[in-house]
2 protein chains.
Amino acid sequence: MSSAPPPGRPRPGGRTARIRTQVLAAVSAELAENGYDALTVDSVAARSGVHRTTVYRRWRDVGGLLTDLLDSTSDDDWQPTDTGSLRGDLAALNREIQTSLTERPSIATALIAASFRSDEAARALRRLWDDRYERCEVVVERAIQRGELPPGIDARALLVAATAPLYHQLVLLGTPPDPRLPEHAAETAALAASAGAFDRPQDSGDVEGE
Amino acid sequence: MSSAPPPGRPRPGGRTARIRTQVLAAVSAELAENGYDALTVDSVAARSGVHRTTVYRRWRDVGGLLTDLLDSTSDDDWQPTDTGSLRGDLAALNREIQTSLTERPSIATALIAASFRSDEAARALRRLWDDRYERCEVVVERAIQRGELPPGIDARALLVAATAPLYHQLVLLGTPPDPRLPEHAAETAALAASAGAFDRPQDSGDVEGE
C-alpha cells in the first residue's frame, strides 16, 4: 500500500500526497472493518480527518475511492521472491496470496467483494491483478534460465494454474485455509509445467506478438 | 434447475410443488436480468404470479429465496459425462462450467455475486458446489478403474485443480472466455495427476476417514 511514485516521475509533494495517503488508509480501514455496505465518502472523510468537501471534490464517490486505492497498490515495488527454484517461487507467491486472503481483517477479500458491487472497482482490481501477474512472469523466466523449463512457456497460464486453487478454495468455495495448499498448488503447477502443459505450440514460437 | 425430488422421497404433490417451481423460476429470471440489487420478495411475487403473502410466509426474505433456489439445484440427477478418459471427462466438465459462467444472462454468475451479499446464499452456494464436486469424484474413480491413475488419489484436490482456472479467469480476473481453456485446464490437471501431484501420502492410505 506504499504510494511511492513510479521511477522517473517526481514525487508529488507535501500536502496533496499526504491527503491521499490519509484518505486511502481510511478507505482500507473502513472496508476491512465494516465492509462495502458501510463505506461512504462521509465515513472515509471522518476517519481520515480530511475535510469532506476535499474528499468529494477529488474522489467523487465510493467507486472513485476504491479505484484510487487499488491503483495506488500498483505503485509499490513488489517483486516475487527468488527462492532458487520454480516450485519454491510459486509456493512463496501462494503463501503471500493465502495470507492476504485469510488475515483478519482482509483488505484483499473486502476488495474482491466490492468488485461485485462496483464496476469501476472491478476494473481497477483486474488492472491490479494484471500488473501482479505481469511482475510474476520473471518467476518463469528464471526457471527457463536455470534450465528447469524449456523456452517458449506460456508464463501467464502457468501462473494462473498455480494460483487459481488458492482463490477458488478461499474466496469462492470458502474452505478453511489448508496450510499445505500453497505448496501443493505450486507443486502441481510445476509438475504440469515439466510435463509440457504450458509449452506454446512450436510453430507459433517465432511469431509471438505479431 | 429441475425440482425433481431425490429418489425414495414421494414427489411433493400438486399446488405446493407448483408454487415452488413458479417462485424459483421467477427468482432465477429476476436475478439474471436485474441482479441482486433489484431482487425483492415483491418483485419475485409479481413475476411469479404467486400472492406476495404466500411468498413472504414460505420464503421470508431474499436470503430465503436464494437459499431455496440453490438447494433446489441439488435436487437434480446431474452426473458428469463419461467420455472414456480422464482428460475428456474433465474437459467436458469444464465446458459445462465455462458455458454456465459465460451465457447471458448467467444465473451462475448472478448467484456468485449474490453470495458476496448474503451469508445465507453463500452457505447455500457452497453446499451446492460441495454436492457437485462430490458427484464428480466418479470421474477420478473411473480413471483409476481404467488404469489411467493409480489408486489413492486425492480426487477433490484433482477436481479443484482442474476447474479452478475457469472460475479464476472468468469470475475474478474477468478475462474474455478462451475457447481452449476448458481443454487446457483439463489437460494440465491430468498431466499433473499422471506425474503424481494428487497421490495421497502412502502411510495415510489405509487410515482414511479416521
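Sequence order as written defines the numbering, with residues in each chain counted from 1. Just so you know, chain letters begin at A and ligand numbers begin at 1, following the order they were written in. Local features in this predicted model are restricted to residues of pLDDT 70 or higher, and side-chain atom pairs are both shown and tallied only at a pLDDT of 80 or more, whereas totals for entire chains, interfaces and linings draw on every residue. Only heavy atoms go into the side-chain values, all of them from the structure, while hydrogens and water stay out.

(A) Molecular detail of the interface of chain A and chain B. By the convention used here, residues are in contact when the closest approach between their heavy atoms is within 4.5 Å. Facing 28 residues of chain A, the contacting portion of chain B comprises 28 residues. Put simply, buried area is how much 1.4 Å-probe accessible surface two parts lose in total, over both of them, once they are put together. For the pair chain A and chain B, the summed buried area comes to about 2600 Å², and 75% of that belongs to carbon and sulfur atoms. Considering only the surface of chain A that becomes buried against chain B, A:Phe116, A:His168 and A:Leu172 emerge as the three largest contributors, covering 24% of it. Salt bridges are defined by distance alone: a side-chain nitrogen of Lys or Arg within 4 Å of a carboxyl oxygen of Asp or Glu. Inspection of the region where chain A meets chain B yields zero salt bridges. Under the rule applied, a polar contact is a pair of N or O atoms within 3.5 Å (in protein, one hydrogen donor and one hydrogen acceptor; residues adjacent in sequence only if both atoms are side-chain atoms). Our enumeration of links across chain A and chain B arrives at eight residue pairs in polar contact (both at pLDDT 80 or more). Secondary-structure elements contributing two or more residues to the side of chain A that touches chain B are α6 (107–115), α7 (119–145), α8 (155–173) and α9 (181–194) of chain A. Of the residues forming the side of chain A that touches chain B, the biggest block, twelve residues, is contributed by α8(A). Here the term charged refers only to Asp, Glu, Lys and Arg, the term nonpolar to Ala, Val, Leu, Ile, Met, Phe, Trp, Tyr, Cys and Pro, and the term polar to all other amino acids, Gly among them. Of the residues assigned to the side of chain A that touches chain B, the class counts are 19 nonpolar, seven polar and two charged. Secondary structure counts use DSSP, requiring at least four H or I residues in a row for a helix and at least two E residues in a row for a strand, with both numbered from the N terminus.

(B) Representation of unusual backbone geometry. All names here are of chain A. In this structure, Pro 105 follows Arg 104 across a cis peptide bond, with omega equal to -5 degrees. Tracing the backbone through its elements, the reader meets Pro 105 in the loop between α5 (86–102) and α6. If you check the backbone angles, Arg 60 has positive phi at about 70 degrees while not being a glycine. Examined against the element boundaries, Arg 60 turns out to sit in the loop between α3 (52–59) and α4 (62–73).

(C) Structural view of helix α3 (residues 52–59) of chain B. All names here are of chain B. Exposure categories follow from relative accessible area, calculated using a 1.4 Å probe and restricted to protein chains: below 20% of the type maximum is buried, above 50% is exposed, and the middle band is partly exposed. Every buried residue belonging to α3 is among Thr 54, Val 55 and Trp 59, and all of these are buried. On an axial view of α3, the arc spanned by its buried residues comes to 95 degrees, and they lie on one face. Buried residues belonging to α3 abut α1 (14–34), α2 (41–48) and α4 (62–73). Note on α3: the residue one or two positions beyond its end, Arg 60, has a positive phi of about 70 degrees. This arc is taken over the directions from the axis of the helix to the C-beta atoms.

(D) Fine view of the relation of the copies chain A and chain B. The superposition of copies rests on a least-squares fit of C-alpha positions from residues with pLDDT of 70 or more in both. When chain A is fitted to chain B, the best match, at an RMSD of 0.0 Å, comes from turning it 180 degrees and sliding it 0.0 Å along the axis. Taken together, the rotation and translation relating the two chain copies correspond to the operation of a two-fold axis. For chain A, the residue whose C-alpha comes nearest the rotation axis is A:Ala192, separated from it by 2.3 Å. Both copies share a contact surface, since 100% of the interface residues of chain A are interface residues in chain B too.

(E) Here's a closer look at the side chain of B:Asp89. Residue and element names in this part refer to chain B. With respect to the helices and strands, Asp 89 occurs in helix α5 (residues 86–102). Residue classification places Asp 89 among the buried residues on the basis of a relative accessible area of 1%. Setting aside residues no more than four positions away along its own chain, Asp 89 makes contact with Thr 81, Asp 82, Thr 83, Gly 84, Val 139, Arg 142 and Arg 146.

(F) Region of interest: the packing of aromatic side chains. Residues and elements named next belong to chain A. Within 6.5 Å between ring centres, the rings of Phe, Tyr and Trp (the latter by its six-membered ring) count as paired, and their orientation is classed by plane angle as stacked under 30 degrees, edge-to-face over 60, tilted in between. This model, assessed by the stated rule, comprises three aromatic pairs over all chains. A ring pair is formed by Trp 129 and Tyr 167, whose centres lie 5.6 Å apart and whose planes are at 90 degrees; its orientation type is edge-to-face. With Trp 129 in helix α7 and Tyr 167 in helix α8, this pair connects stretches of sequence that are 38 residues apart. With respect to burial, Trp 129 and Tyr 167 carry one shared label: buried.

(G) Spotlight on the pattern of salt bridges. Residues and elements named next belong to chain A. Considering all chains together, one arrives at 46 salt bridges over all chains under this definition. For the salt bridge of Asp 131 with Arg 132, the shortest nitrogen-to-oxygen distance reads 3.5 Å. For Arg 132, a relative accessible area of 17% puts it in the buried group. Where salt bridges share partners, they join Asp 82, Asp 89, Arg 142, Arg 146 and Glu 148 into one cluster.

(H) Representation of the environment of A:Asp37 in the model. Residue and element names in this part refer to chain A. Position of Asp 37 among the secondary structure elements: in the loop between α1 (14–34) and α2 (41–48). Considered as a pair, Asp 37 and Ala 114 are 77 residues apart in the sequence and their alpha carbons are 8.9 Å apart. Engagement of the side chain of Asp 37 in a polar contact is seen with the side chain of Arg 117, the distance being 3.0 Å.

(I) The arrangement of the packing of α8(A) against helix α8 (residues 155–172) of chain B in detail. For the pair α8(A) and α8(B), the least separation of the axes is 8 Å and the interaxial angle reads 80 degrees. In this view, α8(A) runs roughly perpendicular relative to α8(B), as classed from their interaxial angle. When α8(A) is examined against α8(B), the residues A:Val160, A:Ala161, A:Thr163, A:Ala164, A:Pro165, A:Tyr167, A:His168, A:Gln169, A:Val171, A:Leu172 and A:Leu173 are found in contact with a partner set consisting of B:Val160, B:Ala161, B:Thr163, B:Ala164, B:Pro165, B:Tyr167, B:His168, B:Gln169, B:Val171 and B:Leu172. Here, axes are lines fitted to C-alpha atoms. For helices the fit covers the stretch in contact, and angles between N-to-C directions go from 0 to 180 degrees. Orientation is classified from the angle alone, with under 35 degrees giving roughly parallel, over 145 giving roughly antiparallel, 65 to 115 giving roughly perpendicular, and any other angle giving oblique.

(J) Fine view of the side chain of B:Ser72. Residue and element names in this part refer to chain B. Structurally, Ser 72 can be placed in helix α4. Ser 72 sits in the buried class, given a relative accessible area of 2%. For Ser 72, the side chain forms a polar contact with the main-chain oxygen of Leu 69, separated by 2.7 Å.

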